[in-house]
Amino acid sequence: MRLKGEIHNPCCDEEEEKVAEENGRELNSIVGVGISPPAKLVVGYALTSKKKKSFLQPKLLGLARNMGIFFIAIDLNRALSDQGPFDVVLHKLAGKEWSEIIEDYRQRHPEVTVLDPPNAVQHLHNRQSMLQGVADLNLSDCHGKVGVPKQLIVTKDPLSIPNEVDKAGLKLPLVAKPLLVDGSAKSHELFLAYDQCSLSELEPPLVLQEFVNHGGVLFKVYIVGEAIKVVRRFSLPNISKRELEKLAGVFRFPRVSCAAASADDADLDPSIAELPERPLLENLARQLRQRLGLRLFNVDMIREHGTKDVFYVIDINYFPGYGKMPDYEHIFTDFLLSLGQSKHRKRPAT
Ligand SMILES: O=P(O)(O)O[C@@H]1[C@@H](OP(=O)(O)O)[C@H](OP(=O)(O)O)[C@H](O)[C@H](OP(=O)(O)O)[C@H]1OP(=O)(O)O
Ligand SMILES: Nc1ncnc2c1ncn2[C@@H]1O[C@H](COP(=O)(O)OP(=O)(O)O)[C@@H](O)[C@H]1O
Ligand SMILES: [Mg+2]
Ligand SMILES: [Mg+2]
């Protein structure tokens, strides 16, 4: 049991108040007033209100409490070192200032597991560096191939884009994505471009990526430490050659593969819906974990239409919407406990 001092919870909205209240109860039980088991693991969290709502659901908090895991809100107005002590810190907040705070804390407190290191998270804030390692992964003999769609980075002069695309030999249609991913709605504003001239209407910095027909279904591969869970989501439909010849211009498209677009129960063509083989996913997840230095992320993967096992990774997200992952409560609590156990194993016997 490692908790000291008073836990202060900054209440900004009703939901946070509820979480804070929950934490108040946790604190009581930690100090012996309640009937919960003693704390095995104290998890500090620094998350947006949206994330708290979707991730810290009552079922997770209840299950965690029964297992001796306690979630404590980090007070952003107080020094991090004065809070806790924590065994684990979970965080997803935007901005350089927070990255510096959490990196400094990580260096000063090597005994705390910070999920995840800010420099590793930073890697995913740029759609170029995000996918850099994927093409080099060694997945031979692994029930499939995994690549990245051919892409071009444009940082300036929109008028030069048609020429650059031509030089790079990119085939239309293209998906245009903002280069930087900072959690803003703007960083998820994507466009489909059907002809080369219209590309100069786009606003750099951008990634221009070849559109890969994939039968309108995407695989979201969630990773939590060693655990992997894959779900189907609806995605953009195939674009035929005929359609491409008829259409011109750049069109913004909505967030097609959000949770409402779950395709797990849909009646789909099996050659499109069949999940990537388990050994492929395990190998992919293991190598990405190592290369990226992350334990909490998901991967958006598509299967090239008409193939059985040619896949492309199009997006990687840090600490995604785990609340939508089936059975996330058990997966997460098991993961957190495993962190506690490996820490105890590392500690010298006294
Ligand atoms: O909003 P949610 O819960 O769907 O989660 C978003 C993710 O959706 P997913 O779980 O992959 O379906 C979402 O994934 P996509 O980029 O939509 O594939 C992002 O991870 C998003 O974070 P950010 O805006 O890029 O910082 C995630 O947003 P935050 O919850 O982290 O704000
Ligand atoms: N290269 C591509 N080929 C086909 N569809 C794509 C491609 N890139 C993105 N998409 C579609 O656009 C959606 C959003 O793109 P993504 O790169 O995942 O951005 P975001 O970070 O906003 O989720 C994907 O879920 C998929 O439906
Ligand atoms: Mg995505
Ligand atoms: Mg994304």
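Residues numbered from 1 in each chain as written. Chains lettered and ligands numbered in written order. Predicted model: local features only at pLDDT ≥ 70, side-chain atom pairs only at ≥ 80, totals over all residues. Heavy atoms only, no water.

You'll find the protein chain entered in an unreviewed UniProt entry as Inositol-tetrakisphosphate 1-kinase, with Prunus avium given as the organism. The UniProt entry for the protein chain carries this comment under Catalytic activity (unreviewed entry): "1D-myo-inositol 3,4,5,6-tetrakisphosphate + ATP = 1D-myo-inositol 1,3,4,5,6-pentakisphosphate + ADP + H(+)". Per its UniProt entry, the protein chain bears the Sequence similarities (unreviewed entry) comment "Belongs to the ITPK1 family." (UniProt positions renumbered as here; feature names shortened; annotations may be inferred.)

Student: How would you explain the coordination of the magnesium ion (ligand 3) if you had to name every residue and give the values?
Tutor: Donor atoms from the polypeptide that coordinate the magnesium ion (ligand 3) comprise Asp300 (OD) and Asp315 (OD), at 2.1 to 2.2 Å from the metal. Its relative accessible area of 5% is what places Asp300 among the buried residues. Residue Asp315 is classed as buried on the basis of its relative accessible area of 11%. (Donors = N, O, S within 2.8 Å, 3.2 Å for Na, K, Ca; no water. Buried < 20%, exposed > 50% of the residue type's maximum accessible area, 1.4 Å probe, protein only.)

Student: Describe the confidence of the model for the protein chain, naming the residues involved and giving the relevant values.
Tutor: It should be kept in mind that the predicted coordinates are not to be read in detail where pLDDT is low. When pLDDT is averaged across the protein chain, the result is 88; 87% of the residues are at 70 or more. Note that pLDDT drops below 50 for residues 1–17; the model gives that stretch 35 contacts with residues more than four away or on any other chain. Of the regions scoring below 50 in pLDDT, residues 19–34 engages in 26 contacts with residues more than four places distant in sequence or in other chains. Here the prediction assigns the complex a pTM of 0.90, and the interface score ipTM is 0.96. (pLDDT = per-residue confidence, 0-100. Contact = heavy atoms within 4.5 Å.)

Student: Account for the site of ligand 1, naming residues and giving values.
Tutor: Taken together, 18 residues form the shell around ligand 1, and within it Lys50, Lys92, Lys220, Arg255 and Lys324 come nearest. Contact distances for ligand 1 include 2.8 Å between an oxygen atom and a side-chain N or O atom of His188. In isolation ligand 1 offers 610 Å² of accessible surface; the protein chains occlude 83% of this area. Taken together, the elements giving at least two residues each to the shell around ligand 1 come down to helix H2 (49–55), strand S10 (217–224), strand S13 (296–303) and strand S14 (310–318). Counted by class, the shell around ligand 1 contains four nonpolar, five polar and nine charged residues. Counting the residues that make up the shell around ligand 1, at least three belong to each of domain 1 (14–116 + 328–342) and domain 2 (124–318). (Near = heavy atom within 4 Å. Polar contact = N/O pair within 3.5 Å; in protein donor to acceptor, adjacent residues only side chain to side chain. Areas by Shrake-Rupley, 256 points an atom, 1.4 Å probe, with all protein chains shown as cover. Helix = DSSP H or I, 4+ residues; strand = E, 2+ residues; numbered from the N terminus. Nonpolar A, V, L, I, M, F, W, Y, C, P; charged D, E, K, R; others polar. Domains from an automatic or database assignment.)

Student: Outline the coordination of the magnesium ion (ligand 4), listing residues and values.
Tutor: Binding of the magnesium ion (ligand 4) to the protein goes through Asp315 (OD), Asp315 (OD) and Asn317 (OD1), at separations of 2.1 to 2.8 Å. For the pair the magnesium ion (ligand 4) and the magnesium ion (ligand 3), the metal-to-metal distance amounts to 3.6 Å, and Asp315 bridges them. Exposure class is identical for Asp315 and Asn317. Each is buried.

Student: Please give an account of the side chain of Asp300 that cites residues and values.
Tutor: Mapped onto the elements of the fold, Asp300 is located in strand S13. When near neighbours in sequence (up to four residues on either side) are disregarded, Asp300 contacts Leu218, Phe219, Lys220, Tyr312, Val313, Ile314, Asp315 and Asn317.

Student: Explain the site of ligand 2 to me, using residue names and the numbers behind them.
Tutor: Not every one of the 21 residues close to ligand 2 is listed here, only the nearest: Lys177, His188, Ser235, Ser257 and Asp315. Within the contact set of ligand 2, a nitrogen atom lies 3.0 Å away from a backbone nitrogen or oxygen of Val212. Considered on its own, ligand 2 offers 540 Å² of accessible surface; in the complex 95% of this is hidden by protein. Taken together, the elements giving at least two residues each to the shell around ligand 2 come down to strand S7 (174–178), strand S9 (206–210), S13 and S14. Counted by class, the shell around ligand 2 contains 11 nonpolar, five polar and five charged residues.

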